[in-house]
Amino acid sequence: MIWTNPLAWLGLAAIAVPLLVHLLSRQTSRAVPFPTLRFLRATPVVNLRRRRVSDIPLLLVRAAIVALAVAALAQPHLTISSAPDANHIAIIDTSASVARNSSRLIFPGSETATRMITIERKDLRGALAEAATWLRAHPGRNTVLVVSDFRRGTLDAARFATLPAETGISLLRVPTLTEPPARISGVSSWSIEGLRTRATWGGAEDAPDIEVAARAGDAAIAAAIKAAALATAPAATGQLRPVTFVMPASPQRATLLASSSPANEPWMFALFAAMDARRVESVRVVDGRATVFLESDDPATAAAAIGEAIPALALGPPVQELEPMMIPDEELRRLERAPQPPSVAERPSVWMGRWFWITALLLLAVEGLMRRTRAPASEAHAHAA
């Protein structure tokens, strides 16, 4: 039995209330007929007053009612002693740099698992956050296995801190693809310095097919917006998809809206999600070309919106997958840990307070019955006047 509100036991001091009631209760006297007293010597009448507890069974019932109410307020929980669940979650890195046969790996210890869940994601950080949410709702002797090539920057101790402290962590490295990386737009050269990869940013080899539709006669402003967006955007691998950004004051806006159709490809939805919702009105398709309708005519705001969209327009893999450095095996071993049983607060339990309240109510009914039936008997035992 676990008491989650132990301070409520201070309420046991209230048991003194029925005790005082019994001690201070007024005992009435009753006149009793007696033979003549004329032959007895007259003596002065002396008032005798004695304090003693009356009706011990009734006192015990009242004290038990108070004790049961206090116990219920202390929030009793009966911990289930059965073995905790052993939930196993396998996070499979499906990024382009990981060998494709990794999804056929067998989870170590899966034969004893209560539940076996597989999460396949390109973004390991998001997958860990998803696993942490599920594990908090299913406490037990849980283990998370991460299968990846573990490139620098993909994971660190801070990412695993989102998992419950009792969760075990196992890391399994799989081969990485040895194909030459795709060209990185905006990167002219790179070099390895210790555990860091240093990149030198420059102009892309091929000009991306990005159009900016601004006010009539503002071709120079449109070109400046495009140049600013390309200069400040994060790195993107490979060519960029063709796209048109339409500002509110563009004379082509009404025509493009009338001839457009809703986005119909997954990457178009990803493009909309990559941009600040306050800067973009919608993503549409005009003659097979993605067209983004912006919310503001401000050049700086438009450049920021286009810069946010450029990584989602890249045809190559995310730039972090081109990191040539891997996390060393000794660092991976330091991140691993064995699963632990869940803490007492997280173990399944049953609230027992309802049974204390039910018992207290039953004793309350018994107390009322005893009080009514013993009233005549108390008069019979009263002191004679």
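Residues numbered from 1 in each chain as written. Predicted model: local features only at pLDDT ≥ 70, side-chain atom pairs only at ≥ 80, totals over all residues. Heavy atoms only, no water.

Colleague: Teacher, can you tell me more about the overall build of the protein chain here?
Modeller: A count of helices and strands for the protein chain gives 11 helices and 16 strands. For the protein chain, buried positions account for 34% of its 385 residues. Expressed as a percentage of contacts within the protein chain between residues at least 6 apart in sequence, the contacts between residues at least 24 apart total 80%. Summed over all atoms, the accessible surface of the protein chain reaches about 23000 Å², with 60% contributed by carbon and sulfur. (Helix = DSSP H or I, 4+ residues; strand = E, 2+ residues; numbered from the N terminus. Buried < 20%, exposed > 50% of the residue type's maximum accessible area, 1.4 Å probe, protein only. Contact = heavy atoms within 4.5 Å. Areas by Shrake-Rupley, 256 points an atom, 1.4 Å probe, with all protein chains shown as cover.)

Colleague: Where do I start with the packing of aromatic side chains in this structure?
Modeller: Each aromatic ring pair is characterised by the separation of its centres together with the angle its planes make. A full pass over the atoms with the stated rule returns 2 aromatic pairs. For the ring pair tryptophan 3 and phenylalanine 356, a centre distance of 6.1 Å and an interplane angle of 65° mean the geometry is edge-to-face. Of this pair, tryptophan 3 sits in strand 1 (residues 2-3) while phenylalanine 356 sits in helix 10 (residues 353-373); the two residues are 353 residues apart in sequence, bridging distant segments of the chain. An aromatic cluster of at least three residues, connected via ring pairs, comprises Trp3, Trp9 and Phe356. Note that arginine 241 overlies the ring of tryptophan 267, its terminal NZ or CZ placed 4.5 Å from the centroid. (Phe/Tyr/Trp six-rings, centres within 6.5 Å; stacked < 30°, edge-to-face > 60°. Lys NZ or Arg CZ within 6 Å of the ring centre and 35° of its normal.)

Colleague: Honestly, the sheet that holds strand 15 (residues 289-294) in this entry has me stumped. Any pointers?
Modeller: The pairing of strands in a sheet happens through backbone hydrogen bonds and is either parallel or antiparallel. With respect to topology, 5 strands assemble into an open sheet ordered 10-12-15-14-13, the strand pairing being mixed. Looking at the sheet topology across the chains shown, the edges are occupied by strand 10 (210-213) and strand 13 (261-262). One ladder, built from 4 bridges, connects strand 12 (residues 243-246) with strand 15; its direction is parallel. Of the residues in strand 15, the one forming a bridge with threonine 244 is threonine 291. Across the sheet, helix 8 (residues 299-313) lies against strand 10, strand 12 and strand 15, angled at about 160° from strand 12, the strand it touches most. (Pairing = 2+ DSSP bridges. Axes fitted to C-alpha atoms, helices over the stretch in contact; angles between N-to-C directions.)

Colleague: Any chance you could explain helix 7 (residues 266-274) here in plain terms?
Modeller: An α-helix turns once per 3.6 residues; consequently, residues spaced three or four apart project the same way. Buried residues of helix 7: Trp267, Met268 and Leu271, and no others. Projected down its long axis, helix 7 carries its buried residues within an arc of 105°, all on one side. In helix 7, the exposed positions that point more than 90 degrees away from the buried face belong to Pro266, Phe269 and Ala273. The inward-facing, buried residues of helix 7 abut strand 14 (280-286), strand 15 and helix 8. (Arc of directions from axis to C-beta.)

Colleague: Any chance you could explain the sheet that holds strand 5 (residues 143-148) here in plain terms?
Modeller: The parallel open sheet is built from 4 strands, whose spatial order is 4-3-5-6. Only two strands of the sheet have a single partner each, and these edge strands are strand 4 (115-121) and strand 6 (168-173). The sheet shows a mean angle of 15° between the axes of neighbouring strands, direction not considered. Where strand 3 (residues 87-93) lies against strand 4, 7 bridges are found, and the strand directions are parallel. Following the sheet pairing, alanine 90 is matched in strand 4 by threonine 118.

Colleague: What exactly am I supposed to notice about the packing of helix 7 against helix 8 here?
Modeller: How two helices sit against one another is set out by the angle between their axes and by the gap between those axes. Running from N to C, helix 7 and helix 8 cross one another at 150°; their axes reach a closest spacing of 8 Å. Taken together, helix 7 and helix 8 sit at an angle that is classed as roughly antiparallel. Considering only the axes of helix 7 and helix 8, their crossing is right-handed. Across the interface between the two elements, Trp267, Ala270, Leu271 and Ala274 from helix 7 touch Glu308, Ala309, Ala312 and Leu313 from helix 8. Its residues assigned to classes, the contact of helix 7 with helix 8 shows 7 nonpolar, no polar and 1 charged. (Parallel < 35°, antiparallel > 145°, perpendicular 65-115°, else oblique. Left-handed = near helix turned anticlockwise from the far one by under 90°. Nonpolar A, V, L, I, M, F, W, Y, C, P; charged D, E, K, R; others polar.)

Colleague: For this particular structure, what's the right way to read the environment of glutamate 166?
Modeller: Along the polypeptide, glutamate 166 turns up in the loop between helix 4 (157-160) and strand 6. Since its relative accessible area comes to 18%, glutamate 166 is described here as buried. Between the alpha carbons of glutamate 166 and threonine 143 there is a distance of 8.8 Å; along the sequence they are 23 residues apart.

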